[in-house]
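Listed here are the chains, written in short residue letters.
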2 protein chains.
Amino acid sequence: MNDSAEDHAAPAPGSLRPGGRTARTRAAVRDAVLTGLSEHGYPALTVEYVAEHSGVHKTTLYRRWGSVEGLLADALDLAGEDAWAPPDTGSLSGDLRALAHEVVEAFGDPATGAAPTAFVGAAFQSPRAAEALHAFYAERFRRCEDVVIRAVARGEAPPGTDAGTVVRAVSAPLFLRLFVTREPIDGAIADQAAQAVLAAVEAGSFVPA
Amino acid sequence: MNDSAEDHAAPAPGSLRPGGRTARTRAAVRDAVLTGLSEHGYPALTVEYVAEHSGVHKTTLYRRWGSVEGLLADALDLAGEDAWAPPDTGSLSGDLRALAHEVVEAFGDPATGAAPTAFVGAAFQSPRAAEALHAFYAERFRRCEDVVIRAVARGEAPPGTDAGTVVRAVSAPLFLRLFVTREPIDGAIADQAAQAVLAAVEAGSFVPA
């Protein structure tokens, strides 16, 4: 991204993030990308649409983001810079269930799920979107590992349990239904996925040999 | 599909399937669709490409399949008409491992995985492709259920084990890595997925409450 002096010329007082105008512009562009993805999906998203809905001039968009692919990747990068933390319910069972339910809430409803679904779909067509998607989910699942680390500390999971594999296993059946078998998901399926992974954790199946 | 008398006028002796010329045309078209998907992916696949590579005239393609979406959906339908059966290794453990390894073999290699990956990606853009993908995988997983039914009969899994959920859980972590986190998959990950699901089956986690 072009982080030029011009972009920092008038930092906004009270801006939540360093960068002032730059950060506000980036957020406005991100919002327009998400709206465009929700309404039209990835292949239909254009720089013109983002310019119109963000109030940022097309030439600025091209200069700083290069293309629709760049806009998409940056919207995902920005989404990954939030303060999201995994649930902390006090038990591994509760945390795994809560994690699975978050997938249902994020993707199960067509309205809220449209933009994140479009990101997943875009990765099939754009290597840059695929890289951004990878970075986003690698970081999300890294944060989720806390759930397992706490469970090991509480004695609910065997020492050496592979946290990254556990947290992936919980949401995997939901993503399979969303994007491969194209079947509906709901809270009962989330609970089942969490319960199965909990049993496997307790049996030591996630401790590498 | 247009199953007109003309198409049956000269049934080929020795044809493997009823329909003769129709079946051969359909297979040639399917082959061209798969080649096109492997080489260029879904959005770049055109009726012109399929005509050129199948030797079937463009007007015939439009008349019988309507569009690229129709061509794609029929290629998936035809793929689903094969005689594929799940592995039968003699144990639930072996069968689950073999199922997981089949996903690695089908998708893990960029060359063999290109066409099936393009089908999954096309479903994000085409409702008709999404329906065909759903039908294909619903039937695939239905066949996989035999693995669990045999395990229950052998006493390796508790009666009432939900076979459809078990077989989805085994491949789900692999599909998550392929299409969401965009991480590599290999035999070790397949083994781990199978082992975790086996432990959950044995713990009764797949028996609905």
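Conventions used here
Residues numbered from 1 in each chain as written. Chains lettered and ligands numbered in written order. Predicted model: local features only at pLDDT ≥ 70, side-chain atom pairs only at ≥ 80, totals over all residues. Heavy atoms only, no water. Helix = DSSP H or I, 4+ residues; strand = E, 2+ residues; numbered from the N terminus. Buried < 20%, exposed > 50% of the residue type's maximum accessible area, 1.4 Å probe, protein only. Contact = heavy atoms within 4.5 Å. Buried area = accessible area lost by both parts, 1.4 Å probe. Salt bridge = Lys/Arg side-chain N within 4 Å of Asp/Glu carboxyl O. Polar contact = N/O pair within 3.5 Å; in protein donor to acceptor, adjacent residues only side chain to side chain. Nonpolar A, V, L, I, M, F, W, Y, C, P; charged D, E, K, R; others polar. Expected span 1.5 Å × (residues − 1). Bend = angle between axes of the 7 residues up to and from the residue. UniProt positions renumbered as here; feature names shortened; annotations may be inferred. Least-squares fit on C-alpha atoms with pLDDT ≥ 70 in both.

- For chain A, an unreviewed UniProt entry supplies the name TetR/AcrR family transcriptional regulator and the organism Streptomyces zaomyceticus.

**Comments concerning the environment of B:Gly108**
Residues and elements named next belong to chain B.
Okay, step 1: Here Gly 108 shows up in the loop between α5 (92-107) and α6 (110-122).
Okay, step 2: Owing to a relative accessible area of 38%, Gly 108 belongs among the partly exposed residues under this scheme.
Okay, step 3: Expressed as a C-alpha distance, the spacing of Gly 108 and Pro 184, which sit 76 residues apart in the sequence, is 7.5 Å.

**Here's the deal with the interface of chain B and chain A**
Okay, step 1: Taken together, the 33 residues of chain B in the interface contact 33 residues of chain A.
Okay, step 2: The largest share of the area that chain B buries against chain A comes from B:Phe124, B:Val180 and B:Arg182, three residues that together contribute 22% of it.
Okay, step 3: The interface formed by chain B and chain A includes two salt bridges.
Okay, step 4: One salt bridge connects A:Glu183 with B:Arg168, and the closest N-O pair in it is separated by 2.7 Å.
Okay, step 5: Our count for the chain B to chain A interface comes out at 10 residue pairs in polar contact (both at pLDDT 80 or more).
Okay, step 6: Elements with a minimum of two residues in the side of chain B that touches chain A: α6, α7 (127-154), α8 (163-179) and α9 (187-202) of chain B.
Okay, step 7: The element best represented in the side of chain B that touches chain A is α8(B), accounting for nine residues.
Okay, step 8: Looking at the side of chain B that touches chain A residue by residue, the class counts come to 19 nonpolar, 10 polar and four charged.

**Quick word on α8(B)**
Since the α-helix turns once every 3.6 residues, residues separated by three or four places project in the same direction.
Residue and element names in this part refer to chain B.
Okay, step 1: In a regular helix each residue adds 1.5 Å, so 17 residues correspond to 24 Å; α8 covers 24 Å between its end C-alpha atoms and thus fits that length.
Okay, step 2: At Ala 172, α8 shows its largest kink, close to 40 degrees, and the proline Pro 173 lies no more than four residues downstream.
Okay, step 3: Burial of α8 is extensive: 17 of the 17 residues sit out of reach of the surface.
Okay, step 4: Where α8 begins, one side-chain oxygen reaches toward the backbone nitrogen of Gly 164, 3.2 Å away; that side chain belongs to Asp 162.

**Some remarks on the UniProt feature "domain: HTH tetR-type" (unreviewed entry) in chain A**
Okay, step 1: Residues annotated in UniProt with the feature "domain: HTH tetR-type" (unreviewed entry) correspond here to residues 23-83 of chain A.
Okay, step 2: Segment residues 23-83 of chain A splits into 75% helix and 0% strand. End C-alpha atoms: 16 Å apart.

**Let's talk about the relation of the copies chain B and chain A**
Okay, step 1: For the match of chain B to chain A, the screw axis carries a shift of 0.0 Å, the RMSD comes to 0.0 Å, and the turn is 180 degrees. Such a turn and shift between the copies fits a two-fold axis.
Okay, step 2: Comparing interface residues between copies, 100% of those in chain B also sit at the interface in chain A, which points to an isologous, same-surface contact.

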